[in-house]
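Results of the structural survey
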Amino acid sequence: MADAAVKEKHETTNAAEAERELTDGFHLIIDALKLNGLNTIYGVPGIPITDFGRMAQAAGIRVISFRHEQNAGNAAAIAGYLTKQPGICLTVSAPGFLNGLTALANATTNCFPMILISGSSEREIVDLQQGDYEEMDQLAIAKPLCKAAFRVLHAADIGIGLARAIRAAVSGRPGGVYLDLPAKLFSQVMDAEAGQKSLVKVVDAAPAQIPAPTAVKRALDVLKSAKRPLIILGKGAAYAQADDAIRALVEKSGIPFLPMSMAKGLLPDTHPQCAGAARSTVLKESDVVMMIGARLNWLLSHGKGKTWGEAPKKFIQIDIEPKEMDSNIEIAAPVVGDIGSCVSALLEAMGNKWPAAPADWVAAVSAKREENIAKMAPKLMKNSAPMDYHGALGALRTVVKERPDAILINEGANTLDLARGVIDMYKPRKRLDVGTWGVMGIGMGYAIAAAIETGKPVLAVEGDSAFGFSGMEVETICRYKLPVCVVIFNNDGIYRGTDVNSVSSDPAPTVFVKGSRYDKMMEAFGGVGVNATTPDELKRAVDAAMDSGKPTLINAVIDPAAGSESGRIGNLNPQSKIRKK
Ligand code: OXT
Ligand code: ADP
Ligand code: MG
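Residues numbered from 1 in each chain as written. Chains lettered and ligands numbered in written order. Predicted model: local features only at pLDDT ≥ 70, side-chain atom pairs only at ≥ 80, totals over all residues. Heavy atoms only, no water.

Summing up its helical and strand segments, the protein chain has 23 helices and 19 strands in all. Taken over C-alpha atoms, the radius of gyration comes to 27 Å for the protein chain, in line with the 25 Å a tight globule of 581 residues would show. The C-alpha extent of the protein chain, read off along each of the three principal axes, is 100 × 65 × 55 Å. Taking contacts inside the protein chain between residues at least 6 apart in sequence as the whole, the part at least 24 apart equals 77%. Summed over its atoms, the accessible surface of the protein chain is roughly 25000 Å², and 55% of this surface lies on carbon and sulfur atoms. Separation of charge centres in the protein chain, based on 64 positive and 63 negative side chains, amounts to 8 Å. (Helix = DSSP H or I, 4+ residues; strand = E, 2+ residues; numbered from the N terminus. Rg over C-alpha atoms; globule rule 2.2 N^0.38 Å. Contact = heavy atoms within 4.5 Å. Areas by Shrake-Rupley, 256 points an atom, 1.4 Å probe, with all protein chains shown as cover. Lys, Arg positive; Asp, Glu negative; His and termini not counted. Charge placed at Lys NZ, Arg CZ, Asp CG, Glu CD.)

See below:
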């Protein structure tokens, strides 16, 4: 071809290129998230995702920027639990990714849907281990710790990659998903029209799973045969958002129900059938137990042993995960399906002539419950300084009674175990705590996401040790002006503040600086700090915080000798009988 003709052809191609609208990885990820209604990102910026965060914010996605990825990850996890949509956490490569990974593993353990999206270094260099910036084979590391893990290498695969991640997170038993996005992907350019076509809007991400009619009949036959039936509600039942159907089932059956910690409030703790205050009695003496969205793990002593007593028992279990059946003991009537469908099917099959629950059993449970409640009542009235746990919790119990819409976050040992028993919950999904792992550090991440996702006031009741795991996020709470009131039960340490080291001047491993003023931390960032020494002061300060909606931290001074080792689970903490001099 003559030179002139070649030149002309190039110019035409370049002009066409210039006219062709382009997109890139940055835009496609944002478009894919928005297309699927994922409008909030919890994360920490840095290489290679700094610009992505800015662009996502400019595109209308709410980007909540944290001080540490673990807290951002916890926020995403609880957002998933509260909304049934995967919470999104965004981290930088290697160290940021690893910081987020604990939260991803915790979400998976608790069956919360979330997606950890992490930038990563270049495959060519990582795979040859040539020492890239923040080099790490993140996909391989994430795999055993989550439900599914995917990597996207081509911009054209972003749509399908996110679709796979969403489905994996929310369908069946929900859990954590890892999505690996190497740095180069973000700036990969492609034709905008083809890019739009490559996006996927996930249809029916968590399809209903209908139980088999034979399984429903079997379950009702077992239930009908019971003389001392019990229903246990777990956080899977709260997650399912089948609140009306669950309430109808419980009330139609007339059977006492025991809520696991995060299922408190699914029906009010003050409901006449609630057996929360008669826990050991109902576990020991029941003869048929129907589990709804709860596992027979350590929190239920694996379904056997002293906790469950001598009397033979039959279990009915409703769960979406077939492998959960017979995990610890024999399940006489497994009902596999989603809780909404299962409970509706049970209700329908019960018909209009379902027999009343055995009256002697119902009366016995009720008597035990009233006895325990009466025993606890005087402890909650104590207005002493320094406070003990019950006195302080008595005040908070009243706050929650007066403000049933508030969300309660709770972690610690004594602070957790006693608050669980003392503070009645009235509405579903209002109590968020340490969950299946008993993990410290969920506090501020959960508090932030609860405020963002629900718009409701949040009360975080924290042991002083527990708070320390995520405490820096009080700056985040102030920065986003969130209606979060943090109450720190400050007993100078882990379980107690009284341990002494008898051999050197180092403090004992369980104690902290005595008389610390955590309230000053909140003041440092423009929030309100209060030091409360009596239950009355505590109540006044929490009420003021909830009324104003201002970020507040109350340092509640608790008697350092008041707690017990490991709270209510001291039996799990081995103690040596040999002490060498
Ligand atoms: O029926 P009975 O007679 O038995 O009575 C029961 C109920 O019927 C009755 N009850 C009531 N009575 C009257 N009225 C009402 N309304 C009422 N409601 C109930 O009360 C009793 C008890 O009821 P409950 O609680 O339902 O029953 P029980 O037997 O306790 O239930 C058993 C369990 C196992 C289900 C329950 O105990 C439970 O859910 N436990 C969860 C425990 C847990 O997860 N703990 C957290 C972990 S502890 C430890 O690991 C800590 N660490 C280590 C660490 C962790 N975890 N994570 C990481 C990342 N690193 C390290 C640390 C560092 S805790 C901790 C910090 C601790 O220090 P803090 O300063 O934070 O906290 P403080 O202790 O306050 O100092
Ligand atoms: P808890 O700690 O309150 O006892 P667990 O986390 O042990 O609760 O158990 C929750 C259970 O609920 C898990 O086995 C999970 O598979 C199940 N689950 C979660 N969501 C659903 C759902 N929508 N339908 C049925 N089962 C569900
Ligand atoms: Mg403490």
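The next thing to look at is the coordination of the magnesium ion (ligand 3). The protein atoms that coordinate the magnesium ion (ligand 3) are Asp464 (OD), Asn491 (OD1) and Gly493 (O), at distances of 2.1 Å. Every donor residue of the magnesium ion (ligand 3) comes from the same chain, spaced as D-x26-N-x1-G. Residue Asp464 is found in helix H20 (residues 464–468), and its partner Gly493 is found in the loop between strand S17 (484–490) and helix H22 (519–524); the two are separated by 29 residues along the sequence. Here Asp464 matches Gly493 in class, with each residue buried. (Donors = N, O, S within 2.8 Å, 3.2 Å for Na, K, Ca; no water. Buried < 20%, exposed > 50% of the residue type's maximum accessible area, 1.4 Å probe, protein only.)

Let us look at the environment of Thr398. Within the secondary structure, Thr398 sits in helix H17 (residues 389–402). Since its relative accessible area comes to 31%, Thr398 is described here as partly exposed. For the pair formed by Thr398 and Asp221, sequence separation is 177 residues and the distance between their alpha carbons is 42 Å.

Our focus in this paragraph is the site of ligand 2. Around ligand 2, the structure places 19 residues, and the nearest of them are Arg173, Lys235, Arg295, Asp319 and Ile339. Contact between ligand 2 and Arg173: an oxygen atom at 2.8 Å from a side-chain N or O atom of the residue. A total of 580 Å² of accessible area belongs to ligand 2 in isolation, and the protein chains cover 96% of it. Top contributing element to the shell around ligand 2 by residue count: helix H12 (residues 235–239), with three residues. Across the shell around ligand 2, the residue classes tally to eight nonpolar, six polar and five charged. (Near = heavy atom within 4 Å. Polar contact = N/O pair within 3.5 Å; in protein donor to acceptor, adjacent residues only side chain to side chain. Nonpolar A, V, L, I, M, F, W, Y, C, P; charged D, E, K, R; others polar.)

Now for the nonpolar core. The biggest cluster of nonpolar side chains holds 92 residues, and the ones touching the most others in it are Tyr42, Ile246, Ile292, Ile409 and Leu432. Those residues in contact with Tyr42 that sit more than four places away from it in its chain are Ile64, Phe66, Ala72, Ala75, Ala76, Ala79, Ile88, Cys89, Leu90, Ala449, Ile452 and Glu453. (Core = buried A, V, L, I, M, F, W, Y, C linked by side-chain atoms within 4.5 Å.)

Another aspect to go through is unusual backbone geometry. Of note, the amide linkage connecting Ile47 to Pro48 takes the cis form, showing an omega dihedral of 5°. Along the polypeptide, Pro48 turns up in the loop between strand S2 (40–43) and helix H3 (50–58). Following Ala385, the chain continues to Pro386 via a peptide bond in cis, the omega torsion being -5°. Checked against the element boundaries, Pro386 lands in the loop between helix H16 (359–376) and H17. Of note, Ser301 is a non-glycine position whose phi angle comes to about 50°, a positive value. Tracing the chain through its elements places Ser301 in the loop between strand S11 (288–292) and strand S12 (314–319).

This next bit is on the domain arrangement of the protein chain. Its domain assignment divides the protein chain into domain 1 (18–198), domain 2 (213–367) and domain 3 (381–557). With centres defined by C-alpha atoms, the gap from domain 1 to domain 3 works out at 32 Å. Taken together, the contacts link 23 residues of domain 1 with 24 residues of domain 3. Put simply, domain 1 and domain 3 have one salt bridge between them. Residue Glu475 is joined to Arg67 by a salt bridge in which the shortest nitrogen-to-oxygen separation is 3.0 Å. Viewed at the interface, domain 3 and domain 1 are joined by 10 residue pairs in polar contact (both at pLDDT 80 or more). (Domains from an automatic or database assignment. Salt bridge = Lys/Arg side-chain N within 4 Å of Asp/Glu carboxyl O.)

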